[in-house]
Structure formats: structure tokens, C-alpha cells
Amino acid sequence: MTSVAMEENSARDNKAWVGFAQKRLSRWMNEPELWAKEVLGIELTEPQARFCNSVVTNKRTVVRSANGMGKTHGAAVLLLWYVSTRRGIVISTAPTWSHVRLRLWGEVKKLYNKALIPLGGDMLECRWKLGDYWEAYGLSTREESNFQGGHAENILLLFDEAQGVAPKIWEAAESMMVGEKARWLAIGNPLEPKGDFFKAFTSPDSWNPITLSALEHPNYIHDREIIPGAVTKGWAEARRLEWGENDPRYQARILGVFPEAGADRIVPMAYLEKSCETGSDEGEGYHLGIDVARFGSDETVFAIVKDNVLEEEIRLAGKDGNEIAGRVLKECERLGIPRKEARRIHVDVIGVGASVVDALKAEGWRADPVSFAEKARGTYKEECGPLDFANQRAELYWATRELLRLGLASIPRKFGSTWEELTEPSYSYDRKGRLLVEPKDAIKKRINRSPDGADAFCLALARKKSTKPTIILNE
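About the criteria used
- Residues numbered from 1 in each chain as written.
- Predicted model: local features only at pLDDT ≥ 70, side-chain atom pairs only at ≥ 80, totals over all residues.
- Heavy atoms only, no water.
- Helix = DSSP H or I, 4+ residues; strand = E, 2+ residues; numbered from the N terminus.
- Buried < 20%, exposed > 50% of the residue type's maximum accessible area, 1.4 Å probe, protein only.
- Contact = heavy atoms within 4.5 Å.
- Areas by Shrake-Rupley, 256 points an atom, 1.4 Å probe, with all protein chains shown as cover.
- Core = buried A, V, L, I, M, F, W, Y, C linked by side-chain atoms within 4.5 Å.
- Salt bridge = Lys/Arg side-chain N within 4 Å of Asp/Glu carboxyl O.
- Pairing = 2+ DSSP bridges.
- pLDDT = per-residue confidence, 0-100.
- Expected span 1.5 Å × (residues − 1).
- Polar contact = N/O pair within 3.5 Å; in protein donor to acceptor, adjacent residues only side chain to side chain.
- Phe/Tyr/Trp six-rings, centres within 6.5 Å; stacked < 30°, edge-to-face > 60°.
- Axes fitted to C-alpha atoms, helices over the stretch in contact; angles between N-to-C directions.
- Parallel < 35°, antiparallel > 145°, perpendicular 65-115°, else oblique.
- Left-handed = near helix turned anticlockwise from the far one by under 90°.
- Nonpolar A, V, L, I, M, F, W, Y, C, P; charged D, E, K, R; others polar.

Undergrad: Before we go on, may I ask you to explain the overall build of the chain in this structure?
TA: Counting secondary structure elements, the chain contains 18 helices and 15 strands. Out of the 475 residues belonging to the chain, those deemed buried represent 56%. Pairs at least 24 apart in sequence give 69% of the contacts found in the chain among residues at least 6 apart. Split by element, the accessible area of the chain, about 20600 Å² in all, is 48% carbon and sulfur.

Dropping the structure here:
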């Protein structure tokens, strides 16, 4: 902390601390790790220190990080260090305002309040002001105009969870990098090999790329929880055994590297091949997944599934809601599904599907209405902890993937078109870090038909949130 800031902005200052700070300032400016220890009273991990030190000497630093590495904590330290050791500006952001306000600036405030040397200034909700052109603040990424016009001599741009920051914000931020002393840190999880975050990491002529692997965290190296709440060796090793080292989730979440291009298919062919003969979950009984045709050449597809194994597909064209509901009742009679278990009928209610549910209800059958577009139900769980989905379509496709991988579901080889439809969609993440499945229309353009069979099978694996699910993924 410069003595100016301490004398002008903090009533708590102690003259001994001021003198000490004056003597140490020249070192602190170039040694954020030393500053963190002597001013904040904390020890940075080696991975955290690596990217903090990079900001001292490199104009642009991009960091891809495994889960549980304390990257947001390290970014908060960097923010306080930069403003404390030079008169300048830090502009921080993340994909959502809640992340900026609660996570990044939550860490900033915690460190500020516990500092050994009072840091001075006015600490507000997402702003720390020391003087004119001498402050740090957090911004929403809703408007790119927020990231234009900043040209202080000393400026640091800090993108946390950078993989979710919109392209227009990256472009606008570049306009503030004209000064020789300007610095930019972009840090996030390597979820997919595309986008501005990925481009930055593959542009070493402009960016200094750094990888933070869970295998180099102190908790992993010493096989004990030195830093509470961070990644542990036990968790990382369990994921290696469960997923395999070539799984894109292991690569991104544990090794901190981008999955290989093409590894973003929601259902790998190997999962289908492995499960097609033996995969089942005895006791599940019959379930019907009904993907209702919307228009044109699309077909209404019934996926009849027993113990999570696809037994039969029924494809209908040109039928209205009442006709489809009638066929559903006929199939329930044939399969022995009683009216009291109508929850075993899972209907896509978008469009014409709503009329099918209404027609069944009129007959006293309360089917399970599934809306791919609505928020995820939270029925299935991931072994690595909460996994956020953008909608029910993403949740059900991912659940199908995992059930196939675990040998708890299968599709016999004779349903070749459904195999193709399931292995075609890719997944990605939205700016909030939620998993998305490629839109149906995009798949239709590539394979020249709607993936109705795949949708119907996924629907058959749906479960109502109000009912305790028989299948809980890897609990």
C-alpha cells in the first residue's frame, strides 16, 4: 500500500505500518506473493502465485484452470495488490452480475477486512475507491459500452470465469489495452475448445498461457486437505477411475486442459456399443417417451422402454392430439400400465404435445408433461457434485448419456437411426456455465431428419421431480 493511500484514506493507520510499507513498496510492486503474505497475511499457492506473477511481466495472461484451484480467490488478491501498489484502475467482470457481486467481490471484501495492514479507501458493494483514477470496481457484462473509454496509465482488466464472457465484451475490452502498462488477466475453466477464451489460450504471441492442474495443488501433492474446500487427491483420483483419463470431463475439471475437438458429443458411440447388450435397470418396468410431431415431415415417435432398455419404436405421421392420446391408451393397455401409474407416460408438451396431455387428462390419465425448454428438474445427480443445465433437454440428454455409460440403459443395435440421432448432438456451455445441448434444428440440417427417436428415448428416461427417482446418477 502506498503511504499516500494510507495517510489520506484510512483513520486506522499506524505510523509503524506506514514506515514499513514505504520501505517494502518497491518490492511489493513486483512481488504480489510477498505482498499477499505481508499485507493480507495469506500464503498463495504456487499455481495462484504463478498467474499473479505473470501479470507483473506480461501484458495479457490467460489461465485455464481445473476445478477447486482457488482461482477466484487468487483473482481477488490480485485486484487488491494492483490498486494498493500503484495508482491505477482495476475493472473486473464475470459472466453474471451475481458472480461479480457475490463471489469475486465477496472474496475482495473478505480479504480487505482481514488485512494485516489497513488498506484504506472506501469499500463499497462492488467498488473500492482511493482517489481520482485510483480505484477498482466490478461491472456487469450486459453492455459492452461499460468496457470502453478506460485509458488510465495503469489499468488491469480482470475476467473471472472468462469462458462465459460474451464475445462483444472481449472486443470492447481490447480498446483499453493501448497503454504500455495496461494488463489483462482472463481466467476460467476450459469447458470447450472454442470461443474467445480458447482463442486467447491458443495465441501465445499475444497472451501468456498458464495451465492450473489439480495434480499440482498442495492438497493433491500432500494427500491431505491443507486448504479446506479446495480440490483433494481423493476426489481427483475417484474421477480418474470413474471417467478415465481421456474423458473430456477429466481433462477439463482435473487436468485443466481443453477437451479435444470432437470430444463434445453428448453420447459417445462407445457408450452405446458397451451397453447395447447388457445395459438395464431391473425393476424400472415400462415407461413411454412420446415425442410429438410439430409440423411437416416430422413424426410422432413412441419409445417403449422396459427397465431402461428400448424395446420398440412406434412412428406416426399426420395425427392430432386426440388420435395420439388414443394410441397411448391402447399401448398402456397392451403393456399393462394402469391408470394410477400414468406418470410412466412422458410427453413432450411443446406445441401439439400439450393437446395430447390434455386429452389424456380428460380420460383420467395424468401423464408426466416434459418441457425441454423449461429449467432442469434436478432429478438426476452427477458424481462430481451439482451440474447446472440450461434446460430439461440438456438435463435429460446428459442423464441418458450417463445411464448408458453406467450400463443402466441400452438401445439394441437394430435401432440404428436412433443411435445416429443420439451420437450426433454436441454439448457446450452458456455464459452462466450451464450445460447446453445443440438445438434440434441444427441437428436436423446435418442428418436431414429430426432426431425424434433420440428425443423419445430421452423422454422415456424422464422422472417426475415430486417422485423419488429410482435412478440417481452415481450417488
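Undergrad: Please explain the nonpolar core as it appears in this structure.
TA: By size, the foremost hydrophobic cluster in this structure holds 55 residues, and its most contacted members are Trp-35, Leu-40, Leu-80, Trp-105 and Leu-119. A per-element tally of this core places helix 5 (residues 71-85) first, with nine residues. Among the nonpolar cores identified, the runner-up in size contains 39 residues, and Leu-272, Trp-419, Ala-456 and Leu-459 belong to it.

Undergrad: I'm lost on the pattern of salt bridges in this one. Help?
TA: Side-chain pairs of opposite charge can arise whenever the charged atoms involved come near each other. Scanning all chains against the criterion turns up 36 salt bridges. The partner of Glu-31 in a salt bridge is Arg-27, and the shortest N-O contact between them spans 3.1 Å. Glu-31 sits in the partly exposed class, given a relative accessible area of 29%. Given a relative accessible area of 38%, Arg-27 falls into the partly exposed group.

Undergrad: Explanation requested: the pairing of strand 11 (residues 309-316) in the structure shown.
TA: A regular strand carries its side chains on alternate faces of the sheet. Here seven bridges tie strand 10 (residues 300-306) to strand 11, and the two strands are oriented antiparallel to one another. Considered in strand 11, the bridge of Phe-302 is made with Ile-314. Turn length for the strand 10-strand 11 hairpin, with the two strands adjacent in sequence and antiparallel, is two residues, and the turn residue Asp-307 shows positive phi of about 55°.

Undergrad: Sorry if this is basic, but what is going on with the sheet that holds strand 8 (residues 208-212) here?
TA: Two modes of strand pairing occur in sheets, parallel and antiparallel, and in both the strands are linked by backbone hydrogen bonds. The mixed open sheet is built from eight strands, whose spatial order is 3-4-5-2-6-7-1-8. Strand pairing shows two members of the sheet lacking a second neighbour, strand 3 (122-123) and strand 8, which therefore form its edges. As judged from the five bridges shared by strand 1 (residues 60-65) and strand 8, these two strands associate in the parallel manner. Residue pairing for strand 8: Ser-65 is matched across the bridge by Leu-212.

Undergrad: What is the right way to look at the confidence of the model for the chain in this model?
TA: Segments scoring low in pLDDT should not have their predicted coordinates read at a detailed level. Averaged over every residue, the pLDDT of the chain is 87; residues scoring 70 or more account for 89%. Looking over the chain, one finds the lowest element-wise mean pLDDT in helix 1 (residues 3-9), namely 37, and the highest in helix 4 (residues 46-57), namely 97. Confidence drops under pLDDT 50 across residues 1-13; counting only partners more than four residues distant or on other chains, this segment forms 38 contacts. Predicted confidence for residues 466-475 stays below pLDDT 50, and this span has 26 contacts to residues more than four positions away or in other chains.

Undergrad: Is there a simple way to think about helix 4 in this case?
TA: Along an α-helix, a turn takes 3.6 residues, which lines up residues three or four apart on a common side. The end-to-end C-alpha distance of helix 4 is 17 Å, a good match for the 16 Å that twelve residues give at a rise of 1.5 Å each. What helix 4 keeps buried is the set Pro-47, Gln-48, Ala-49, Phe-51, Cys-52, Ser-54, Val-55 and Val-56. Close packing links the buried residues of helix 4 with helix 3 (32-40), strand 1, helix 5, strand 6 (155-160), strand 7 (183-188) and strand 8.

Undergrad: Is there a simple way to explain the environment of Gln-251 in this structure?
TA: Turning to its location among the elements, Gln-251 is positioned in helix 11 (residues 248-253). Residue class for Gln-251 comes out buried when judged on its relative accessible area of 8%. On a C-alpha basis, the gap between Gln-251 and Ala-66 in space is 8.5 Å, while along the polypeptide they are 185 residues apart. Side-chain polar atoms of Gln-251 contact the backbone oxygen of Asn-246, separated by 3.1 Å.

Undergrad: Explain the packing of aromatic side chains here, please?
TA: Between two aromatic rings, the relevant description is the distance of the centres plus the angle of the planes. One pass over the full model with this rule turns up twelve aromatic pairs. Consider the rings of Trp-81 and Tyr-82, whose centres lie 6.0 Å apart with planes at 70°: the pair is edge-to-face. Each member of the pair, Trp-81 as well as Tyr-82, carries the same accessibility label: buried. With centroids separated by 5.3 Å and ring planes inclined at 85°, the aromatic side chains of Phe-159 and Trp-170 adopt a geometry described as edge-to-face. A residue pair is termed long-range when its members are at least 10 positions apart, and Phe-159 in strand 6 and Trp-170 in helix 7 (residues 167-174) qualify at eleven residues.

Undergrad: I keep staring at the sheet that holds strand 13 (residues 368-370) and nothing clicks. Help me out?
TA: The strand order across the open sheet formed by five strands is 11-10-9-12-13, and the pairing between neighbours is mixed. Across the chains shown, the open sheet's two edge strands, defined by having one partner strand only, are strand 11 and strand 13. Geometrically, the sheet is characterised by an average inter-axis angle of 20° between neighbouring strands, direction not taken into account. Against the sheet, helix 14 (residues 353-362) contacts strand 12 (345-348) and strand 13, and its axis sits at roughly 145° relative to strand 12.

Undergrad: Before we go on, may I ask you to explain the packing of helix 13 (residues 321-335) against helix 14 in this structure?
TA: Between two packed helices, both the angle of their axes relative to each other and the distance between the axes serve to describe the pair. In contact at an axis separation of 8 Å, helix 13 and helix 14 are set at 55° when each is read in the N-to-C sense. Compared by their axis directions, helix 13 and helix 14 come out oblique. Crossing of helix 13 over helix 14 shows right-handed handedness. Residues Gly-321, Asn-322, Ile-324, Ala-325, Val-328 and Leu-329 of helix 13 lie in contact with helix 14, whose contacting residues are Ser-355, Val-356, Ala-359 and Leu-360. Grouping the constituent residues of the contact of helix 13 with helix 14 by class yields seven nonpolar, three polar and no charged.

Undergrad: Teacher, can you tell me more about the packing of helix 4 against helix 5 here?
TA: Between helix 4 and helix 5, the least distance of the axes is 10 Å, while the angle of their chain directions is 35°. You can see that helix 4 and helix 5 cross each other, and the crossing is right-handed. Residue-level contacts link Gln-48, Phe-51, Cys-52, Val-55 and Val-56 of helix 4 to Lys-71, His-73, Gly-74, Ala-75, Leu-78 and Trp-81 of helix 5. Grouping the constituent residues of the contact of helix 4 with helix 5 by class yields seven nonpolar, three polar and one charged.

Undergrad: In this structure, what is going on with the side chain of Ser-450? I would like to understand it.
TA: When you line up the elements, Ser-450 lands in the loop between helix 17 (440-447) and helix 18 (452-460). Judged by relative accessible area, Ser-450 falls into the buried class, the value being 7%.

Undergrad: Sorry if this is basic, but what is going on with unusual backbone geometry here?
TA: In this model, Tyr-133 sits at a positive phi of 55°, which is unusual for a non-glycine residue. You can see Tyr-133 is positioned in the loop between strand 4 (127-131) and strand 5 (134-138). A residue is classified by how much of its surface remains accessible, and Tyr-133, at 65% relative accessible area, is exposed. Located in the positive-phi region is Asn-308, a residue other than glycine, with phi close to 70°. Locating Asn-308 in the fold gives a position in the loop between strand 10 and strand 11.

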